[in-house]
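# Observations on the model geometry
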Amino acid sequence: MICGKAFPRLTSTVLNQHCSSHSLFNKLISTSSTRTLGSASAARMGQLYSYSTATAYKDDAQKDHPEVATKEEIERLLQKHQVKGVSMPVRAEFVRETPLTTTDLENIDIHVYHRKPETFSDHVAYRSVKLLRFFADSFFRKRYVHRAIVLETVAGVPGMVAGMLCHMRSLRRMQHDNGWIEKLLHEAENERMHLMIWMSVTNPTFLERCIVTFVQGLFFNAYIVYYLLFPRTAHRFVGYLEEEAIVSYNAFAKEIQNGNIENTPAPKVAIDYYNLDKNARLIDVVYAVRADEAAHRDANHNFADRIDAHKENLSPPPPK
């Protein structure tokens, strides 16, 4: 079970591999200029990229981001979201001085792949997701915005449940959580922001609101039991769920490109959250949310692999 024991610390090589997709954070914490930051700023930087050490299941490195060299520039990036009243994104690509264009968003490497089930529990997780996919496809068909609204209310549950259980376990055992709580809660908050963004595009029907209420109550309690008994399978389940989310958002983008869905202006909350261009459109939002789902996919497959390998310490290595 995760979050309880102090497992052996990962080697710096393994950690560097898992952090490779977030080069901006690595640069910020490694440059000599950031050593002058106060403890509060350093803590906020760590919180900003708390998710970064877990998001790279593959070793493919993302393109480098412009290096931020001065304390003033770092503070400005951190305060940018606070002033706008939105939480921090999970990907480093969205935190920079210049707004992201459609080309920038298209160039984010989401690395579409399917993690082939290897064990019996993997097959259980995969088949469970496929069953949920069948019901979602049957009900929503090509109503992608409504589909996103309802499914994001479900997607925000696993991170909150896992973070809550890790928190309670840490309190009960009076031991450190090994870095899991913050990452899991950051995932849940990011999924909630997706919901807020899509709610700015359209409103769910009365039937959809009823479905959300019923499904949330059922899924929340079921996932608590699932995670308590089989945490590895629970993370694998979320990994497969995010794989399907990417498929759905790819189809969503294709419908916009084909003119079947109007490419309306992006809502302000999405522009603020993702640092998009002021003239951003709906397809830009789809690309940005899809990139987040890819990060969650990689993170949860990685969480499951770490539990398998008994390398569950997500805390950064001590300074040399």
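Residues numbered from 1 in each chain as written. Predicted model: local features only at pLDDT ≥ 70, side-chain atom pairs only at ≥ 80, totals over all residues. Heavy atoms only, no water.

### Here we look at the packing of aromatic side chains
Summed over all chains, the structure comprises 15 aromatic pairs. On the basis of an interplanar angle of 90° and a centroid distance of 4.8 Å, the ring pair of Phe139 and Phe140 is categorised as edge-to-face. Put simply, the rings of Phe219, Tyr223, Tyr226, Tyr227 and Phe237 pair up and form one aromatic cluster. (Phe/Tyr/Trp six-rings, centres within 6.5 Å; stacked < 30°, edge-to-face > 60°.)

### Some words on the UniProt feature "binding site: Fe cation 1" (unreviewed entry) in the protein chain
Under the feature "binding site: Fe cation 1" (unreviewed entry), the UniProt entry names Glu152, Glu191, His194 and Glu293. These annotated residues cover 142 residues of sequence, and their C-alpha atoms lie no more than 10.6 Å from one another, placing them together at a single site. For Glu191, the position within the fold is in helix α8 (residues 180-199). Ignoring any residue separated from it by four or fewer positions in sequence, one finds Glu191 in contact with Glu152, Ala155, Gly156, Glu242, Glu293 and His296. Counting through the fold element by element, Glu293 comes out in helix α12 (residues 282-309). You can call Glu293 buried: its relative accessible area is 1%. Setting aside its immediate chain neighbours within four residues, Glu293 contacts Glu152, Glu191, His194, Glu242, Ala245, Ile246 and Tyr249. (UniProt positions renumbered as here; feature names shortened; annotations may be inferred. Helix = DSSP H or I, 4+ residues; strand = E, 2+ residues; numbered from the N terminus. Contact = heavy atoms within 4.5 Å. Buried < 20%, exposed > 50% of the residue type's maximum accessible area, 1.4 Å probe, protein only.)

### Side note on α8
For α8, which comprises 20 residues, the first-to-last C-alpha distance of 29 Å matches the rise-based estimate of 28 Å (1.5 Å per residue) to within 8%. Counted residue by residue, α8 has 14 buried out of 20 residues, so it is predominantly covered. (Expected span 1.5 Å × (residues − 1).)

### Digging into the nonpolar core
Counting residues in each nonpolar core, the largest one holds 35 residues, and the members touching the most others are Phe94, Leu105, Trp198, Phe252, Tyr274, Leu276 and Val285. Taken together, the elements giving at least two residues each to this core come down to α7 (144-173), α8, α10 (231-257), α11 (268-274) and α12. Among the elements that make up this core, the one with the highest residue count is α12 (9 residues). With residues near it in sequence (within four places) discarded, Tyr274 still touches Phe94, Leu100, His194, Ile197, Ala288, Val289 and Asp292. Within the second largest apolar cluster, 26 residues are counted, among which are Tyr126, Trp180, Ala234 and Tyr240. (Core = buried A, V, L, I, M, F, W, Y, C linked by side-chain atoms within 4.5 Å.)

### Things to note about the pattern of salt bridges
For the structure shown, the criterion picks out 16 salt bridges. With its nearest N and O atoms 2.5 Å apart, the salt bridge here joins Asp137 to Arg147. Pair noted here: Asp137 is in helix α6 (residues 120-140) and Arg147 is in helix α7, with a separation of 10 residues, a long-range link. Taking relative accessible area as the criterion, Arg147 reaches 3% and is therefore assigned buried. The salt bridge partner of Lys142 is Glu255, with a shortest N-O separation of 3.7 Å. Taken together, the residues span a long stretch of sequence, with Lys142 in the loop between α6 and α7 and Glu255 in helix α10 at a distance of 113 residues. (Salt bridge = Lys/Arg side-chain N within 4 Å of Asp/Glu carboxyl O.)

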